[in-house]
Amino acid sequence: MADLRINLAGISSPNPFWLASAPPTNTGYQVQRAFEAGWGGAVWKTLGDPIINTSSRFAAVHFNGQRVAGFNNIELITDRPLEVNLKEIYETKKRFPNHAVVVSLMVEPNREKWHEIVKKVEAVGVDGLELNFGCPHGMAERGMGSASGQQPDLVEAQTMWAKEAAQTPVIVKLTPNITDITATAKAAVRGGADAISLINTINSLAGVDLDTWNTIPHVGGKGAHGGYCGPAVKPIALNMVAECARNAQVNVPISGIGGVSNWRDAVEFMLMGATGVQVCTAAMHHGFSIVEDMIDGLNNYLDEKGLQSVTELIGRSVPRYSDWGDLDLNYHVVARIHEENCIVCNKCHIACEDTSHQCIERLTTDDGRAYLKVREEDCVGCNLCSIVCPVEDAISMVEIPSGELPMSWNQRQKAIASVGDSNEAPGGANKEAV
Amino acid sequence: MSAYQEFMEEKEKLDAYISRQFRIHSVVENLSGTTIELVHPGGESAVLQLLSADARKYMSNLVVKQLASSGWNDAG
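The numbering scheme is per chain: residues are counted from 1 as the chain's sequence reads. Naming scheme: in the order in which they are written, chains are lettered from A and ligands are numbered from 1. Side-chain atom pairs in this predicted model are given and counted only at pLDDT of 80 or more, local residue features only at pLDDT of at least 70, and totals for whole chains, interfaces and linings cover all residues. Hydrogens and waters are ignored; side-chain quantities use all the structure's heavy atoms.

- Named according to an unreviewed UniProt entry, chain A is Dihydrothymine dehydrogenase originating from Paenibacillus catalpae.
- Word for word, the UniProt comment on chain A under Function (unreviewed entry) is "Involved in pyrimidine base degradation. Catalyzes physiologically the reduction of uracil to 5,6-dihydrouracil (DHU) by using NADH as a specific cosubstrate. It also catalyzes the reverse reaction and the reduction of thymine to 5,6-dihydrothymine (DHT)."
- For chain A, the Cofactor (unreviewed entry) comment in UniProt is given as "FMN". UniProt positions are given in the numbering used here, feature names are shortened, and annotations may be inferred rather than shown by experiment.

**Quick notes on the overall build of chain B**
Phase 1: Per the convention used, a helix needs a DSSP run of H or I reaching at least four residues, while a strand needs a run of E reaching at least two, with both numbered from the N terminus. In terms of regular secondary structure, chain B is built from two helices and three strands.
Phase 2: The helix and strand sequence of chain B, counted from the amino end, reads α-β-β-β-α.
Phase 3: Its C-alpha atoms give chain B a radius of gyration of 13 Å, near enough to 11 Å, the size a compact globule of 76 residues would have.
Phase 4: Throughout, a contact is declared for two residues whenever any of their heavy atoms are within 4.5 Å. For chain B, the proportion of contacts with a sequence separation of at least 24, taken over those separated by at least 6, is 37%.
Phase 5: In summary, the charge assignment counts Lys and Arg as positive and Asp and Glu as negative, without counting His or the chain termini. Think of each charge as sitting on NZ of Lys, CZ of Arg, CG of Asp or CD of Glu. Across chain B, the 7 positively charged side chains and the 10 negatively charged ones have centroids separated by 4 Å. Radius of gyration here uses only the C-alpha atoms, and the compact-globule reference equals 2.2 Å multiplied by the residue count raised to the power 0.38.

**So, the packing of helix H8 (residues 263-271) of chain A against helix H10 (residues 290-305) of chain A**
Residues and elements named next belong to chain A.
Phase 1: Look at H8 against H10: their axes get within 8 Å of each other, and the N-to-C directions meet at 60 degrees. For the element pair H8 / H10, the angle class is oblique. Between H8 and H10, the contacting residues are Trp263, Val267 and Leu271 on the first element and Asp293, Met294, Gly297, Leu298 and Tyr301 on the second.
Phase 2: By the convention adopted, Pro, Cys, Tyr, Trp, Phe, Met, Ile, Leu, Val and Ala count as nonpolar, Lys, Arg, Asp and Glu as charged, and the other residues, Gly among them, as polar. Broken down by class, the residue content of the contact of H8 with H10 amounts to six nonpolar, one polar and one charged. For helices, the axis comes from a line fit to the C-alpha atoms of the stretch in contact; other axes are also lines fit to C-alpha atoms, and the angle between any two N-to-C directions lies between 0 and 180 degrees. Here the word oblique covers every angle except those under 35 degrees (roughly parallel), over 145 (roughly antiparallel) and from 65 to 115 (roughly perpendicular).

**Quick look at the state of the cysteines**
Residue and element names in this part refer to chain A.
Phase 1: Count a disulfide wherever a pair of cysteine sulfur atoms falls within 2.5 Å. Under the defined criterion, the tally for this structure stands at zero disulfides over all chains.
Phase 2: There is no disulfide at Cys280, and the cysteine sulfur nearest it, in Cys229, is 5.6 Å away.
Phase 3: No disulfide involves Cys379; its sulfur sits 4.3 Å from that of Cys359, the nearest cysteine.
Phase 4: For every residue, the accessible area (1.4 Å probe, protein chains only) is compared with the maximum for its type, and the residue is labelled buried under 20%, exposed over 50%, or partly exposed between those bounds. The class for Cys379 is buried, based on a relative accessible area of 7%.

**With respect to a nonpolar patch on the surface**
Residues and elements named next belong to chain A.
Phase 1: Exposure above 30% relative accessible area and the lack of any salt bridge qualify a residue for a patch; like charges then connect within 9 Å, and the nonpolar side chains Val, Leu, Ile, Met, Phe, Trp and Tyr within 5 Å. Calculation of accessible area relied on Shrake-Rupley with a 1.4 Å probe; when residues are assessed, cover is drawn exclusively from the protein chains displayed. Each salt bridge in this description consists of a side-chain nitrogen of Lys or Arg and a carboxyl oxygen of Asp or Glu lying within 4 Å of one another. There is a patch of nonpolar side chains on the surface, built from Trp324, Leu327 and Trp409 and spanning about 350 Å² of accessible area.
Phase 2: Summarising the element assignment, Trp324 is placed in the loop between H10 and strand E17 (333-337).
Phase 3: With relative accessibility at 57%, the residue Trp324 sits in the exposed group.

**A word on the environment of A:Asp209**
Residues and elements named next belong to chain A.
Phase 1: Residue position: Asp209 is located in the loop between strand E12 (207-208) and strand E13 (215-216).
Phase 2: Exposure remark for Asp209: the relative accessible area of 28% places this residue in the partly exposed category.
Phase 3: Setting aside residues up to four positions removed in sequence, Asp209 forms contacts with Asn214 and Ile216.
Phase 4: Of note is the side chain of Asp209, whose polar atom sits 3.0 Å from the backbone nitrogen of Thr212. We call two N or O atoms a polar contact when they sit within 3.5 Å, provided that within protein one can donate a hydrogen and the other can accept it, with sequence-adjacent residues counted only if both atoms are side-chain atoms.

**Notes on helix H1 (residues 28-37) of chain A**
Residue and element names in this part refer to chain A.
Phase 1: If you check which residues of H1 are buried, you get Gly28, Val31, Gln32, Ala34 and Phe35. All buried residues of H1 fall inside an arc of 155 degrees around its axis, so they share one side.
Phase 2: Tucked into the core, H1 has its buried residues touching strand E3 (17-19), strand E4 (41-48), helix H2 (82-95) and strand E7 (100-106).
Phase 3: In the segment just after H1, Gly38 is the residue with positive phi, at about 125 degrees. Along the arc lie the directions from the helix axis toward the C-beta atoms.

**Quick look at empty space enclosed by the protein**
Residues and elements named next belong to chain A.
Phase 1: For cavity detection a 1 Å grid was placed over the protein atoms alone, and a set of points counts as a cavity when a 1.4 Å probe fits there but cannot get out; an open set counts as a pocket when protein lies on both sides within 12 Å along at least five of seven lines, with lining residues being those that have an atom within 4 Å of a point. Grid points are joined across faces, edges and corners, and a volume is the space filled by probe spheres set on the points. Inspection of the entire model under this criterion finds three cavities of 30 Å³ or more.
Phase 2: Roughly 420 Å³ of internal volume is contained in the largest cavity.
Phase 3: Forming the walls of the largest cavity are 35 residues, and the residues nearest its centre are Ser21, Ala22, Asn200, Thr201 and Cys280.
Phase 4: Breaking the lining of the largest cavity down by element, the ones donating at least two residues are E4, strand E6 (66-73), strand E14 (226-229), strand E16 (274-279) and helix H9 (281-286).
Phase 5: A total of three residues in the lining of the largest cavity trace back to one element, the largest contributor, which is H9.
Phase 6: Class assignment for the residues of the lining of the largest cavity results in 19 nonpolar, 13 polar and three charged.

What follows is the structure, encoded as structure tokens:
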């Protein structure tokens with residue numbers, strides 16, 4: 001059995017599965033039950049200036065039979081008094097000394113405010129702090145959350161203010177509602193962040209009711225944008241984590257957040273540079289007990305891979321993530337249909353014919369049996385047929401060696417620019433158009 | 001015509017020049033594709049317009065090889 005312990009910027013936990021700052025970490029009762037279930041850490045629901053929540057807060061996007069493919073919320077930070085939260089944080093840490101208890105914080109962009117809350121929270125014995133610069137709704141209208149998290153100068157300043165007072169590691173939680181997340185990640189590092197966590201939720205409107213024309217959710221007939229999370233956002237989160245992980249100026253540990261629903265997702269985030277992950281939507285959908293499968297699955301995976309520690313996963317795929325211009329243009333794959341598995345549903349033919357490169361032919365044998373065949377020389381290797389194919393192992397993408405050395409677009413452009421330099425002038429030769 | 005056939009036709013034209021010792025002298029890219037000027041050591045030259053993406057990639061590989069043979073280093 002592999003060692004699942006992690007250490008994120010000095011914050012240690014028995015496994016990499018933490019609950020994210022959100023409704024599941026609202027109270028000591030919840031966090032302690034989560035630890036009993038097996039979660040390695042929890043980021044306490046954000047503490048900060050007093051708020052009042054609306055009724056009707058959550059909405060979900062169900063897609064093709066999958067419940068909660070995406071999740072939308074307009075709930076704000078904690079609505080409970082600071083002292084109540086601090087008492088429960090103290091009790092929780094005392095009962096679970098080996099678990100990571102991190103507290104999320106959000107106050108106005110004011111130095112004294114940050115000093116005050118950092119000192120009060122650290123006084124009860126927490127393992128670390130997470131600065132919430134990401135919540136996109138409600139608090140942002142008051143200049144906090146993503147409103148300040150979208151401005152690198154404010155991220156840097158607030159991180160610095162928190163660090164001035166902090167004795168424990170400071171994690172800066174970033175908003176994805178920005179063009180380039182590495183801009184704010186670098187600002188957090190400049191401000192002294194010990195780690196970053198990402199992503200917070202994405203600005204969203206879950207839907208509109210076709211009968212009433214109300215937004216989903218609505219509060220008495222009126223709606224406002226919320227924050228989107230859940231499985232649907234995982235690819236966005238994974239890219240942002242990877243972009244930070246491969247940026248030399250973002251040289252702090254990363255806590256990965258965004259659609260993590262099972263151990264496989266966690267492994268992906270860790271391979272792309274996260275030291276651990278935070279989970280919310282999956283726990284809200286299925287309960288705290290899902291962590292049991294996460295731990296078992298991760299353990300089995302590490303054993304199969306022959307890894308002694310989960311930390312051996314961290315960042316292993318980062319060197320494989322690059323810019324488009326550095327990809328090898330001479331790498332070539334083509335689709336190959338395995339007739340023995342193909343049910344001749346025609347999905348690949350339609351997809352290729354209508355929306356890709358028209359290289360899958362529907363043919364008929366002499367005895368009238370229909371079959372599908374790829375004209376490999378015309379296949380560009382787009383993968384679409386294998387994506388739409390409903391049968392496992394009916395279409396595989398096969399590499400066709402080009403016989404050429406790897407050549408990226410950037411290398412090509414450099415070569416094209418150099419070609420004239422490497423030749424002597426044509427010397428007035430006659431030109432023949434071909 | 002299939003994209004592959006388009007590529008093969010353009011490749012054959014290019015290969016014909018290369019087999020006659022022509023070298024790619026200049027490459028100009030525009031909205032239609034790539035215009036290349038080929039020059040023979042004897043002074044003769046020709047212009048070839050490559051339209052297909054695969055032909056332009058093929059030509060790029062030839063350019064890289066041509067440059068490498070003259071000591072060009074893409075890291076430089």
